[in-house]
Amino acid sequence: MAFFKTKERTKERFSLLLLDLEEYYFEQHTAYNVSKGPAKKRKIRGSFKVCSRSVIFDPEDFTQPILKIPLRDCKQIQLVEKETNPFNEPKPSSILIHCEQVIYIKENCVVSPYRNERGAKTVNFELEVWRKTEDVVQTLHQLHRASCLEKLGDQTAMITANLQSRLARTAFDKFCFQSVAETPHMECAVEMVLPLVSNPGHVCVTNENLYFQPLNGYPEQVLQIKLHQVRRIYKRRHGLRPLGLEVFCSENDFCSDIYLKFYNAADRDEIYYFIATFLENHMTEHTAESYMLQWQRGHLSNYQYLLHLNNLADRSCNDLSQYPVFPWVIADYTSAHLDLTNEATFRDLSKPVGALNKERLDRLLCRFRGMPEPRFMYGSHYSSPGYVLFYLVRVAPEHMLCLQNGRFDHADRMFNSIGETWKNCLDGATDFKELIPEFYGDDASFLENHLRLDLGRRQNGSFVGDVHLPPWASDARDFLQKHKMALESQYVSEHLHEWIDLVFGFKQRGSEAVGAHNVFHPLTYEGGIDCDSLEDPDQRVAMLIQILEFGQTPRQLFTTPHPQRIVARSPDVITRSPSLTSPVSELTSGSLNEDSSFEDLTEESRKLAWSNMGRLTPASRHKIHKDAVTAITVTRDGASVFSTSRDSTLKMFSKELKDFQRSVSFSNMALSSCLMLADGQMVACSSWDNNVYFYSIPYGRRQDTLMGHDDAVSKVLWSDDKLFTASWDSTVKVWQCEPHVLCGRKRSHFELLAELEHDAGVNAIGLNPSGTLLVSGCKDGAVTIWDTDAYRTLQQVDCHAATVHRVSFSPDSRHVLSIGADSFMKVTDVQTGMVISSVKSDEELRCFRWDGNSVLCGGQSGDLLLWDLMSNTVTARISAHSGAVTAMWMNELRATVITGGEDGEVIYWKLHD
């Protein structure tokens, strides 16, 4: 999960999460834990770590527990030096710690609640250092004195002074530069912020890189980020103070590459503006308003838009007090079937969670009216570290133990059931929490106890295991899939702006918040209090801890009502331009006139056709080829049908497939695809012999040959006098050719305009209706979206685990559908590169046509399957071929379908009323 991206950098058992909140890890030394047994001394080798509030011993033997000794429980810290040898070389020194408590962590290398052993003890650590250890003991004495101070402010001040002294005595090691030619621009002391913890060190920015060097060398000596790889940077407020900076090297991942907290805003701002000069798109372009417009017009999904708003509002997965917040959208967790067409299924997004239950709201309002200023309605927040870890405890148990002093919560208060959690949010006196992005992601591990954690036993006797799901979800992955569908549903799209008004918008504060019953504690709001203005250090520290643990309201992004999303009646309502890759044929059926033109085609007729697609009936079928049919195309007048096959032939038949007309063979190798060019006089055929052949219909012969690839050509497309050829040589090539030259007697001239490189053989390509975008699918499962004007990559997504069979844009160009040999059917958002739908079929799918919502697929079984992408279900199955369906053509009216199969048959289908 993205939440733990930074933790993956180390495989050590020790982590900063073993420290207390607001504690620092300063240094470590190789040491032995020496204990006296009945027979002899026992020495366990490990790492002796000096922290601001404790001493930690991390043994190399993972069967031994990690020892943590809180400094406040130490009675005496004593140095015992050994004599030197004749060569005056120092021997290891021992540090004896007399303490009242030892905490045992990860016993038998199992993540579980800490075991506390109280009583007078003496622990002997024999340091293996080749210098005097007075400095170590002196530091421990200082930190011990700080931890014993009564006032929290005095403790913090003394520890901070120790930290600042260490930072002042050290500097960034410039030997860590990647190049001797690098020019340093600025260096200063910072802290790297991670969930619940931070790590002090130095940041250095050069003309090429951003470096962070931890003071303690953990988890690595230096972290490097290349400036040319930076895609986004955000100024952050940390603890309601403008000291944070977060750097992203990815456009799509909501987890950053580094989050830094500076000690003053001026240093933060200087580094921010220096890095911003390296960004191609300056940060001022990424405003809430620009994202809002993209979302309104359907270029951003609801999920992606909410992530962007969270980012702009200072929400970060590295700061649990400001973790990204997402809404509950479903209110039905009891039905056996989830009906996304019923408004009663959904939560009222115009109200905060605390106002969804009228009886509870009345009680809260009564208390609110009798409360002195500053008044607040809710005593707890909708997003806090405790709530985030409540949801994520199964994948972040160490974070929960860190937050709760080495303990898990009581078993009955754990995240046991989605339905119970929703009910408690409706009825509980102090529970008003919203959700987190993971509920709308692809990783279901946070719902399953894969780590087999012992999370306790509930009062009913049952152990806390996997999260109990609503009846309408078959498993955790099914729950996430349906939850994502609900977030992107029409109802939520029409009402999401109301929730945005509450959380990020004009109803967040002031009189509008009061009217919307949306008032939280003043400490949670930006500008609610200035901690630096508090003179009492105890009060200042206590206030900061309360802010971090209670939760924080997002930065207000909108001060006026948020506009509603423009929601089309259905995905195919948007006007389309004709696609030359899907020729306009007037093959008709039923009462439709054969003379119908493209202008006469209505969206209503197409919509009606798709609603009745399950009623396709075969008009005729013919055994045409000796091997699998690879492609089908039709002349513009609908008079003739062409098909190619692995039997190396191109064949032409009459409209009704009753009259065989021509059979052409260009080579002895398979033909992989065929395409009717724009003028309707020429058919282009791709072949496994690395060539593209052009067949003239009027002349009845091969007119030209394009020899442009080093391996089999898998697919050809045509748009605006440009020919696109895909090949197993890992390229897609774009050629310029005048169409009238192809139709003449002269051999044509092909000019190579672009060569689009891939990491594997390209097996499928598709163009959007306007020809401005190209999508390619490769043998390694990758799907890439290209800009055909600049010939640059827009998105590259590792969609499938095996060869991509077919790819196609939706009619509105917003999405790409792909099918692969892994039996998955996936929908990718063009704008964001996000896989917004992933469906595993019972059989491998080989070809398809779709309207953005419904998909007609040809399966390995030989059947035609009609899928509804809203519910990810097969709504109709039609028996077709005796082998896999390998090719499919559909006219613009959606009233005629022609399929080809591995059995060599071509079937002509009609759609009847």
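Here the structure is a predicted model, which is why all the values come from computation and not from measurement.

The rules behind each value
Residues numbered from 1 in each chain as written. Predicted model: local features only at pLDDT ≥ 70, side-chain atom pairs only at ≥ 80, totals over all residues. Heavy atoms only, no water. Helix = DSSP H or I, 4+ residues; strand = E, 2+ residues; numbered from the N terminus. Buried < 20%, exposed > 50% of the residue type's maximum accessible area, 1.4 Å probe, protein only. Contact = heavy atoms within 4.5 Å. Areas by Shrake-Rupley, 256 points an atom, 1.4 Å probe, with all protein chains shown as cover. Pairing = 2+ DSSP bridges. Axes fitted to C-alpha atoms, helices over the stretch in contact; angles between N-to-C directions. Expected span 1.5 Å × (residues − 1). Bend = angle between axes of the 7 residues up to and from the residue. Phe/Tyr/Trp six-rings, centres within 6.5 Å; stacked < 30°, edge-to-face > 60°. Salt bridge = Lys/Arg side-chain N within 4 Å of Asp/Glu carboxyl O.

Draft legend 1. Region of interest: the overall build of the chain. Scanning the chain from N- to C-terminus turns up 15 helices and 42 strands. Across the 913 residues of the chain, 59% fall into the buried class. For the chain, long-range pairs separated by at least 24 residues make up 57% of all intrachain contacts whose partners lie at least 6 apart in sequence. A total of about 37600 Å² of accessible surface is found on the chain, and carbon and sulfur atoms cover 48% of it.

Draft legend 2. The pairing of strand β31 (residues 792-798), seen in detail. Two strands pair when backbone bridges link them, and strand β30 (residues 782-787) and β31 are joined in this way by 6 bridges, in the antiparallel orientation. Bridging across to β31, V783 finds its partner in V797. Counting the residues between successive antiparallel strands, the hairpin from β30 to β31 contains 4 residues, one of them, Y791, with a positive phi of roughly 55 degrees.

Draft legend 3. How the structure looks around the sheet that holds strand β38 (residues 863-868). Across the sheet, which stays open at both edges, the 4 strands sit in the order β36-β37-β38-β39 with antiparallel pairing between neighbours. Of all strands in the sheet, those with a lone pairing partner are β36 (845-850) and β39 (873-879), marking the two edges. Going across the sheet, the axis of each strand differs from the next one's by a mean of 25 degrees, ignoring polarity.

Draft legend 4. Up close: the sheet that holds strand β29 (residues 773-778). Pairing is antiparallel in the open sheet, where 4 strands are placed in the order β28-β29-β30-β31. On the outer flanks of this sheet lie β28 (762-767) and β31, each paired with one strand and no other. Neighbour-to-neighbour, the strand axes of the sheet open up by a mean angle of 20 degrees, direction not taken into account. Pairing analysis gives 5 bridges linking β29 to β30, with the strands arranged antiparallel. If you follow V775 over to β30, its bridge partner there is I785.

Draft legend 5. Fine view of helix α11 (residues 490-503). End to end, α11 covers 21 Å across 14 residues, agreeing with the expected 20 Å (1.5 Å per residue, within 8%). In the structure, α11 departs most strongly from a straight axis at L496, where the bend amounts to approximately 40 degrees. Burial runs high along α11: 10 of the 14 residues are buried. Among the residues of α11, those classed as buried are Y491, V492, S493, L496, H497, W499, I500, D501, L502 and V503.

Draft legend 6. Molecular detail of the packing of aromatic side chains. Under the defined criterion, the tally for this structure stands at 32 aromatic pairs. Aromatic pair F14 and Y25: ring centres 5.3 Å apart, planes at 70 degrees, arrangement edge-to-face. Of the two residues, F14 is situated in the segment before β1 (25-36) and Y25 in strand β1; the sequence distance between them amounts to 11 residues. When its relative accessible area of 0% is taken as the criterion, F14 is described as buried. By the ring-pair criterion, three or more aromatic residues cluster together here, those being W328, Y333, W422, W472 and F479.

Draft legend 7. Broad picture of the pattern of salt bridges. The final tally for this structure, using the stated rule, is 36 salt bridges. Ionic pairing is found between E187 and K174, a salt bridge with its closest N-O pair at 3.3 Å. In this pair, E187 sits in strand β8 (residues 184-194) while K174 sits in the loop between α2 (152-169) and β8, placing the two residues 13 residues apart along the sequence. What you see here is one network of salt bridges that share partners, running through R236, R237, E246, D314, E526 and R555.

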